[in-house]
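Listed below are the residues making up each chain.
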Amino acid sequence: MKKKYVYILAFVIIAILGYNSVYFKKLSDVKNAKKENFDFKAYADSIYYKGILKSKKTIALTNLISSVKTNQEAAFKKYGNRLGIGNSAYFMIQSTGKIIDIKDGIYTIADEKNGVVYIDTKYIFGNALRDASGLVKLTDFKTNAQFNKVSESLNDIVRNEVIPKEIKKVQIGDSVSFSGAIKLSKKQTLFTDLLIIPSQIKLQ
Amino acid sequence: MKIKHLSLVLLTLVLVFGCSSKEKSEKPKIAVVVSTLNNPWFVMLAESAAENAKKLGYEAKIFDSQNNPAIESDNFENLISSGYDAILLNPTDSDGSISNILKAKTAGIPVFCMDREVNADDAATSQILSDNYSGCVSIGIEFVKELKEKGKYVEILGLVGDNNTWARSGGFHSVVDKFPNLKMVAQQSGDFDRNKAMEVLETILQANPDIDGVFCGNDAMAMGAFQALQAAGKETKVKIFGFDGAGDVIEKIREKKIIATGMQFPKVMAQTAAQYADEYFKGRKVFPQRVPVEVELVNAANIKDY
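Residues numbered from 1 in each chain as written. Chains lettered and ligands numbered in written order. Predicted model: local features only at pLDDT ≥ 70, side-chain atom pairs only at ≥ 80, totals over all residues. Heavy atoms only, no water.

1. Considerations on the nonpolar core
Residues L64(A), F91(A), I93(A) and L184(A) are the most contacted members of the largest nonpolar core, which totals 50 residues. Of all the elements, helix α7 (residues 144–167) of chain A adds the most residues to this core, at 8 residues. The contact partners of L64(A), leaving out residues within four places of it in the chain, are I59(A), Y79(A), F91(A), I93(A), I182(A) and L184(A). Listed in part, the 30 residues of the second largest apolar core include A186(B), F192(B), M198(B) and A228(B). (Core = buried A, V, L, I, M, F, W, Y, C linked by side-chain atoms within 4.5 Å. Buried < 20%, exposed > 50% of the residue type's maximum accessible area, 1.4 Å probe, protein only. Helix = DSSP H or I, 4+ residues; strand = E, 2+ residues; numbered from the N terminus. Contact = heavy atoms within 4.5 Å.)

Now the structure itself:
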């Protein structure tokens, strides 16, 4: 009889211990927690070093302008990336030229084939690089806020790691090769004042 | 006996075909539920949505939630029981509106959000939203340049429970916070309301009479800020920035009294939402969860285009 009580007591103790050591969570809660702990810096590093620098979407600026002039709709579809609805799209371009002016972080470049273009090394903000790369989908993230954090991390890499390292070597008169993101609008008829958010600037 | 049978068959046929022809003649009903009709911007959004739904051959009725999630909830209860077939929604609250959308979803009614995002990617059928973040990045850059990277400024936020408020603020701060000589002396909510923003800025000006700029989360508040600054005789010294692309602010930019705004396209959002509802009725069931609509910067340099 005593043994019976011992067994019951042992069972109750094990049940209490078991109940307190195992718990169940909703899968959606676990997924949400994972997103909140998402390492945006590491993700942006991978997008920049493994994606943008090796992007097959990057097109010579001359070819892009020529394509847009020939058939705007087709050029936007083939080379551009626009998330959602709007008149503009982002493009990854590359070109070469000579630095003719440096003022307030803007490098004025006499592009060999496309006239004067501008490289902005100061206002590296917004979604230009992320969207031009076409590597990040809106559906990869639960909210727009998370999606925009990717851009901020990507911009931080360019602003803090890429630009300072490469830009300090160049000065007026230098020939450089450069790549980066530009925004073109379908309303646009002229290709003057092209502003490039750089992903790379290198002495030639 | 045969006649009895024949009458029964005829009666059944009349009932069946009579009912089905009635069903066919009934147009699907679309409800347009907006956060408030006190703001002309939302009136335009609501009316455009209803107009587009009608153009597509549907009945459409507008419901006003008066910026109150409880009223929005009542609206949903009412339109679910009234047999509406789709809802074009401008939510009152990014979290609070989710349960209302889910109620409609359970009742088999698709919900297409317009302009305001809810914090769930499995509730609404689709969300057609302004790209507030990108728009406010552009405004942030303009702000930094106009203030020459230094000075004191005030931020007047919209409704704190609304995602648009934080997307706009986030885009703006992603730029401005990188410039250490720009100091935000106050950040307060003006609830997207002109009078509230005016009162808020009047109070802030008493403690901070030497501000150089005001960033407002919408154009109604930018107009309120302008009124407050005008009353204090500071409207030429303090640079004002808004967001929406409202007509009165566009005029003020033309007159060089407001520096810039972000042009949203409510008619595009309303049209897309109505079009999606139409496609849903015709059998499409998969839609992109979020569809950002581009926002364009309007300033003195390009005001002639608007």
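2. Description of the environment of S48(B)
Residues and elements named next belong to chain B. Relative to the elements of secondary structure, S48 occurs in helix α2 (residues 40–55). A relative accessible area of 8% means that S48 is categorised as buried. Separated by 218 residues in the primary sequence, S48 and P266 have C-alpha atoms spaced 8.0 Å apart. In this structure S48 touches K267 and A270, once residues within four positions along its chain are discounted. A distance of 2.8 Å separates a polar atom in the side chain of S48 from the backbone oxygen of M44. (Polar contact = N/O pair within 3.5 Å; in protein donor to acceptor, adjacent residues only side chain to side chain.)

3. Some thoughts on the sheet that holds strand β4 (residues 111–115) of chain B
Residues and elements named next belong to chain B. On the basis of which strands lie adjacent, the open sheet formed by 6 strands has the order β2-β1-β3-β4-β5-β11 and parallel pairing. Of all strands in the sheet, those bounded by a partner on one side alone are β2 (59–64) and β11 (290–293). Averaged over all pairs of adjacent strands, the angle between their axes in this sheet comes to 15°, without regard to strand direction. (Pairing = 2+ DSSP bridges. Axes fitted to C-alpha atoms, helices over the stretch in contact; angles between N-to-C directions.)

4. Some details on the packing of aromatic side chains
The description of an aromatic ring pair uses the distance of the two centres, along with the angle that the planes make with each other. Under the criterion given, the structure shown has 24 aromatic pairs over all chains. Here Y123(A) and F125(A) contribute two aromatic rings whose centre-to-centre distance is 6.3 Å and whose plane-to-plane angle is 50°, an arrangement assigned as tilted. We note that Y123(A), like F125(A), is buried. Here the aromatic cluster, defined as three or more aromatic residues joined through ring pairs, consists of Y58(B), F112(B), Y276(B), Y280(B), F281(B) and F287(B). Stacked on the ring of Y123(A), the Lys or Arg K145(B) has its end atom at 4.9 Å from the ring centre. (Phe/Tyr/Trp six-rings, centres within 6.5 Å; stacked < 30°, edge-to-face > 60°. Lys NZ or Arg CZ within 6 Å of the ring centre and 35° of its normal.)

5. Some details on the sheet that holds strand β8 (residues 213–216) of chain B
Residue and element names in this part refer to chain B. Spatial strand order, β7-β6-β8-β9: 4 strands in an open sheet with parallel pairing. A strand with exactly one partner marks an edge of an open sheet, and here the two such strands are β7 (182–189) and β9 (239–241). Put simply, the sheet's adjacent strands are angled 15° from each other on average, direction ignored. Seen against the sheet, helix α7 (residues 194–207) touches β6 (151–157), β7 and β8 and runs at an angle of roughly 135° to β7.

6. Things to note about the UniProt feature "domain: Periplasmic binding protein" (unreviewed entry) in chain B
Taken from the UniProt record, the annotation "domain: Periplasmic binding protein" (unreviewed entry) applies to residues 30–285 of chain B. End C-alpha atoms of residues 30–285 of chain B are separated by 17 Å, and the span's content is 46% helix alongside 20% strand. (UniProt positions renumbered as here; feature names shortened; annotations may be inferred.)

7. Some words on the environment of S185(A)
Residue and element names in this part refer to chain A. Structurally, S185 can be placed in strand β5 (residues 175–185). Exposure remark for S185: the relative accessible area of 21% places this residue in the partly exposed category. When neighbours within four sequence positions are excluded, S185 is seen to be in contact with Q72, F76, N87 and S88. Within the local environment of S185, its side chain forms a polar contact with the backbone nitrogen of K187, the two atoms lying 3.0 Å apart.

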